[in-house]
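The residues making up each chain are set out below.
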Amino acid sequence: CNVSDTLYDTAFVTITNVPQGTYFNTDKDFACGNDSIHFMYNGWNGNGNYTYQWNFGDGDTSAEENSYHTYTSNGNYSVSLVVSNGCGSSVSNFYKTIIIDVPSSAISGISSGYCVYDSSVTLSAIPVGGVFSGAGISGNSFYPAIAGSGAHEISYTRTDSKGCIGSEKVFVNV
């Protein structure tokens, strides 16, 4: 009996798209405080059910493929992106540093309360180079009689060497 049987079995293998070369771009690497930064994923664009996890380095995150984020404090922030394909494959090896500048100043020479007939007060601020504004302000002097009775906001605004604008405020009662 020389009988032989051959059995065949067919297996189908599905190869899922593995995120490759996870990287991203931004519309800027330096921003002033309260500027919006656009973060754009530029990795694998094949078919797949991808998830995205941005970590902006300041406690905020996003699950969008492309995201906008606004920083409000000075600092260097390390931003990371993890892309997963839903099958357990992910790449999380890309980081980028974003530098944020929020200029600050200190106003001096003014107290919180004046009588309407008090004489003018000379204001100063550090760093120099900014502009005072508000009721009763002329140049760098505050005139209670011109401001009149009530609560007033006095501002000092300056532009730093990087082009970022900062403003400090104090409140005065006359």
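Residues numbered from 1 in each chain as written. Predicted model: local features only at pLDDT ≥ 70, side-chain atom pairs only at ≥ 80, totals over all residues. Heavy atoms only, no water.

1. Topic: the sheet that holds strand 13 (residues 137-138)
So the rule is basically this: Any two strands are treated as partners once DSSP identifies two or more bridges connecting them. Starting at the N terminus, helices and strands are each numbered in turn, a helix being any DSSP run of H or I of at least four residues and a strand any DSSP run of E of at least two.
Overall, antiparallel pairing links the three strands, which are arranged 10-14-13 in an open sheet. Only two strands of the sheet have a single partner each, and these edge strands are strand 10 (121-122) and strand 13.

2. Digging into the sheet that holds strand 1 (residues 24-26)
To be explicit about the condition: Fitted lines through C-alpha atoms serve as axes, helices being fitted only where they are in contact, and the angles separating the N-to-C directions of these axes extend from 0 to 180 degrees.
One open sheet accounts for three strands, arranged 1-3-6; its pairing is antiparallel. Two strands bound the open sheet, and with one partner strand each, they are strand 1 and strand 6 (66-70). Shown here is a sheet whose adjacent strand axes are inclined to one another by a mean of 25 degrees, direction ignored. Note that strand 1 and strand 3 (residues 36-41) share three bridges and pair antiparallel.

3. A word on the nonpolar core
Threshold: Buried Ala, Val, Leu, Ile, Met, Phe, Trp, Tyr and Cys residues form a nonpolar core when they are joined through side-chain atoms within 4.5 Å. Think of it in three bands: residues with accessible area under 20% of the maximum for their type are buried, residues over 50% are exposed, and the middle band is partly exposed, with areas taken using a 1.4 Å probe on protein chains only.
Core analysis: the largest hydrophobic core is formed by 16 residues, its most contacted members being Phe39, Trp54, Tyr71 and Val79. For this core, the elements supplying multiple residues, two or more each, are strand 3, strand 4 (51-55), strand 7 (75-84) and strand 8 (90-101). Of the residues forming this core, the biggest block, four residues, is contributed by strand 7. Ranked by size, the runner-up nonpolar core spans 14 residues in total, among them Ile107, Val121, Ala125 and Tyr156.

4. Remarks on the confidence of the model for the protein chain
Here is the rule we go by: Confidence of the predictor in every single residue is expressed as pLDDT, which spans 0 to 100. A contact between two residues is defined here by any heavy atoms of the two lying within 4.5 Å.
Confidence in the prediction of the protein chain, expressed as mean pLDDT, is 83, and 80% of residues score 70 or more. Of all secondary-structure elements in the protein chain, the lowest mean pLDDT belongs to strand 8, at 73, while strand 13 reaches the highest, 97. For residues 3-19, every residue scores under 50 in pLDDT, and the model assigns this stretch 19 contacts once sequence neighbours within four places are set aside.

5. Here's the deal with the pairing of strand 3
Examined bridge by bridge, strand 3 and strand 6 share five bridges and lie antiparallel to one another. For Phe39, the partnering residue across the bridge sits in strand 6 and is Ser67.

6. Overview of the pattern of salt bridges
What counts is decided by this rule: Every case where a carboxyl oxygen of Asp or Glu lies within 4 Å of a side-chain nitrogen of Lys or Arg is listed as a salt bridge.
In the structure shown here, the tally under the stated rule is two salt bridges. When the shortest N-O distance is used, the salt bridge between Lys96 and Asp29 registers 3.2 Å. Of this pair, Lys96 sits in strand 8 while Asp29 sits in the loop between strand 1 and strand 2 (30-32), and the two are 67 residues apart along the sequence.

7. Describing the packing of aromatic side chains
Using the following cut-off: Note on ring pairs: Phe, Tyr and Trp rings are taken, using the six-membered ring of Trp, and paired if centres are within 6.5 Å. Classes follow the plane angle, with under 30 degrees stacked, over 60 edge-to-face and the rest tilted.
Within this structure, the stated rule accounts for nine aromatic pairs. Measuring from centroid to centroid gives 6.3 Å for Phe24 and Phe39, while their planes differ by 55 degrees, and the two rings are tilted. A residue pair is termed long-range when its members are at least 10 positions apart, and Phe24 in strand 1 and Phe39 in strand 3 qualify at 15 residues. The class for Phe24 is buried, based on a relative accessible area of 2%. Following the ring pairs from residue to residue traces out a cluster consisting of Phe24, Phe39, Trp54 and Phe56.

8. As for the state of the cysteines
Selection rule: Note that a disulfide, as used here, is simply two cysteine sulfur atoms within 2.5 Å.
Under the criterion given, the structure shown has one disulfide. Across a sulfur-sulfur distance of 1.9 Å, Cys32 and Cys164 are joined as a disulfide pair. Because the torsion about its S-S bond is -85 degrees, the bridge between Cys32 and Cys164 counts as left-handed. Linking Cys32 in strand 2 with Cys164 in the loop between strand 15 (151-159) and strand 16 (165-173), this pair joins segments that are 132 residues apart in sequence. Per residue, the accessibility class of Cys32 equals that of Cys164, and both read buried.

9. Quick word on the environment of Gly139
Within the secondary structure, Gly139 sits in the loop between strand 13 and strand 14 (141-142). Look at Gly139 and you get exposed, because its relative accessible area is 58%. Spatially, the C-alpha atom of Gly139 lies 9.1 Å from that of Thr122, the residues being 17 residues apart in sequence.

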